[in-house]
Amino acid sequence: MCFWVFHHPSQAAPGTNAQEMFNFIAVAWNSLVIVDGRSVCNWMARGIQGNIRAHVPAMVEIGGIHIEEERDALPMDIQEFLDSASNGAILFSFGSNVKSSMLPKPKLDAILRALAGLKQKVLFKWENDDLPNKPHNMMIKKWLPQTDILAHKKSSEG
């Protein structure tokens, strides 16, 4: 996600006359690009071979700005699950475009084994009512209030 913030009073598109072109260049020169992300996270995901990019001074990363400190009340079962997570908690979701219930069994089994070996509790977005071989440290839900869970203090520990 990327937002442009203009600091110049004129936001005219480039035109045929010189003043309009100057105004457009002034806007572009005095712009601020706000990026919802962190390049260090991209580097960590790709490993040491990752492509870290230097940003120009007018580019500011504001990753996590969508996570509010004041959150809506969580459903009681999720609240109790997170509160009891003495080693922190992890939210595991493929989002709304990929249904985790459609994963091939070998891949699902590998994911479940990996998550079962963690000391953290895991909230897993799962579209069915039950999950065969669900680890003891996992809660499954068809829908999860993602931003409210990520704002919980236990999801940032561990």
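Our structure is the block above this text.
Notes on the structure in this doc start here. Everything quoted here is computed from the prediction, not taken from an experiment.

**A look at the sheet that holds strand β6 (residues 138–141)**
The three strands are arranged β4-β5-β6 in an open sheet whose pairing can be described as parallel. Only two strands of the sheet have a single partner each, and these edge strands are β4 (89–92) and β6. On average, each strand axis in the sheet is tilted by 15° relative to the strand beside it, whichever way the strands run. In terms of strand pairing, β4 meets strand β5 (residues 121–125) through four bridges, oriented parallel. Pairing of Phe-92 across the sheet is with Phe-124, part of β5. Strands β4, β5 and β6 of the sheet are contacted by helix α3 (residues 76–83), whose axis makes an angle of about 160° with β6.

**Some words on the pairing of β5**
Most of β5 is tucked away, with four of its five residues classed as buried. You can see the chain leave β4, run along helix α4 (residues 105–116) and come back into β5, and the turn it takes is right-handed. As judged from the four bridges shared by β5 and β6, these two strands associate in the parallel manner. Paired with Leu-123 across the strands is Met-139, a residue of β6.

Rules used throughout
Residues numbered from 1 in each chain as written. Predicted model: local features only at pLDDT ≥ 70, side-chain atom pairs only at ≥ 80, totals over all residues. Heavy atoms only, no water. Pairing = 2+ DSSP bridges. Helix = DSSP H or I, 4+ residues; strand = E, 2+ residues; numbered from the N terminus. Axes fitted to C-alpha atoms, helices over the stretch in contact; angles between N-to-C directions. Contact = heavy atoms within 4.5 Å. Buried < 20%, exposed > 50% of the residue type's maximum accessible area, 1.4 Å probe, protein only. Right-handed = clockwise from strand over helix to strand, strands pointing away.

By themselves, these figures tell us nothing about what the structure is for.
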